[in-house]
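Okay, here's what each chain looks like letter by letter:
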Amino acid sequence: MNVDVYIASPRGFCAGVDLAVDIVDLAIQQYGKPVYVKHQIVHNPKVVADVESKGAITVEQVSEVPEGAVVVFSAHGSPPSDYETAANRNLTVLDATCPLVTRVHNEAKKYTREGKKIVLVGHGGHQEVIGTTGQAEMELVDERQEWQLPNWGKETEVAVLTQTTLSVHDTAVAVEKIRQKHPDAVIRNDICYATTNRQSAATELADQTEVVLVIGAQNSSNCNRLKDVAINKGVPAYLINGPEELDPSWIEGVTKIGITSGASTPEAQVQAVIESIAPNNIFRVGPGEEKTIFAIPRNLREMVGEGKRRNPETKKDMTTDENN
Ligand code: SF4
């Protein structure tokens, strides 16, 4: 039977993940082992294992880092209390927060200064939300659950921020509901370019295939949203780390398989799944690869010296039809 794979473009590592992994690499080159990482540097066990094999030690709390050590704060962002704990423990902090998450932190502080009430659309307990809610007082709206805004008066000025990795569709629905109550609310669309582009490609995949495989980790927010995109279009979708988790019954009798991966998934995991399927053809689907690269922030450049960055991941597909 002819089996074709339709592969999403873009997929995999975003500029924020590339930057965070590079900062850990450079920190180890500059300071030597071990370098501590507060929270998984990105939500992918293979990436975490890789940086740990080079000399990183992942901890969940800053208080676990030995006094005077070097610590990298993960791409998801951290609350101010983590920086205070680090200062009290005399730690050298290299902040790998994605610049697009930092932008949300800055928005939270700005709107608070302006006297606005802030609503954050996001998922309680997610590391990014822990970091963002620490920046200012705000009301969290989890668009997956029943929620209600507090009974703020009509004159209340409201600003709406969002977690960067949410479902574009579900967030728009939640924002519309907030707007009905507060028509003048300032709406910031903080869902990042990488999330938006990957969901757009996943939508096209779901239109053209019978099953969608999302390659990545169960605790990755943006991987889960890619799976949701396909399921919401009525296409079965599964989130797996690699070929070892691929249940053959999911693709039995299927001739068109869609494959995508989240912003924290290394390309090697995707290629391993494709090799295990051994398709007759591979077609590329979606808006195409991104060229975004985040520079090492100036303050970190001084700290990590002149070490060389890895090459950003490239996704050279063995596509058999460039027009697809
Ligand atoms: S998914 Fe978006 S916000 Fe998160 S690290 Fe990547 S670019 Fe930054």
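Residues numbered from 1 in each chain as written. Predicted model: local features only at pLDDT ≥ 70, side-chain atom pairs only at ≥ 80, totals over all residues. Heavy atoms only, no water.

Moving on, we get to the sheet that holds strand S11 (residues 237–240). Across the sheet, five strands lie side by side as S11-S10-S12-S1-S13; this open sheet has parallel pairing. The open sheet has two edge strands, S11 and strand S13 (281–285), and neither has a second partner. Each strand axis lies, on average, 25 degrees off the axis of its neighbour in the sheet, ignoring direction. Relative to strand S12 (residues 256–261), strand S1 (residues 4–8) runs parallel, the two being bridged by four bridges. The partner of isoleucine 7 across the bridge, within S12, is isoleucine 259. Along the sheet face, helix H8 (residues 221–232) touches strand S10 (211–215), S11 and S12 and points at about 165 degrees away from the line of S11. Lying over the sheet, helix H10 (residues 267–277) contacts S1, S10, S11, S12 and S13, oriented at roughly 165 degrees with respect to S12. (Pairing = 2+ DSSP bridges. Helix = DSSP H or I, 4+ residues; strand = E, 2+ residues; numbered from the N terminus. Axes fitted to C-alpha atoms, helices over the stretch in contact; angles between N-to-C directions. Contact = heavy atoms within 4.5 Å.)

Turning to the sheet that holds strand S7 (residues 139–141), a few remarks are in order. Ordered by their spatial adjacency, four strands build an open sheet running S7-S6-S8-S9, and the pairing between neighbours is parallel. Two strands lie at the open edges of the sheet, namely S7 and strand S9 (186–187), each paired on one side alone. Pairing between strand S8 (residues 158–162) and S9: two bridges, direction parallel. Each bridged residue has a counterpart across the sheet, and for valine 160 the counterpart in S9 is isoleucine 187. Lying over the sheet, helix H6 (residues 168–181) contacts strand S6 (117–121), S8 and S9, oriented at roughly 155 degrees with respect to S6.

Our next topic: the side chain of aspartate 142. If you trace the backbone, aspartate 142 turns up in the loop between S7 and S8. Classification of aspartate 142 as buried rests on a relative accessible area of 9%. Apart from the residues lying within four places of it in its own chain, the contact partners of aspartate 142 are Gly122, His123, Gly124 and Trp147. (Buried < 20%, exposed > 50% of the residue type's maximum accessible area, 1.4 Å probe, protein only.)

Enumeration according to the criterion identifies three aromatic pairs in this entry. Judged by centre distance (5.1 Å) and plane angle (50 degrees), the ring pair of tyrosine 6 and phenylalanine 283 falls under tilted. Residue tyrosine 6 is located in strand S1, and its partner phenylalanine 283 is located in strand S13; the two are separated by 277 residues in the primary sequence. Each of the two residues, tyrosine 6 as well as phenylalanine 283, counts as buried. Relative to tryptophan 250, the ring of tyrosine 238 has its centre 3.9 Å away and its plane inclined at 5 degrees; by these criteria the two rings are stacked. Taken together, the residues tyrosine 238 in strand S11 and tryptophan 250 in helix H9 (residues 248–251) connect sequence positions twelve residues apart. We note lysine 38 situated over the ring of phenylalanine 73; from NZ or CZ to the ring centre the distance is 5.4 Å. (Phe/Tyr/Trp six-rings, centres within 6.5 Å; stacked < 30°, edge-to-face > 60°. Lys NZ or Arg CZ within 6 Å of the ring centre and 35° of its normal.)

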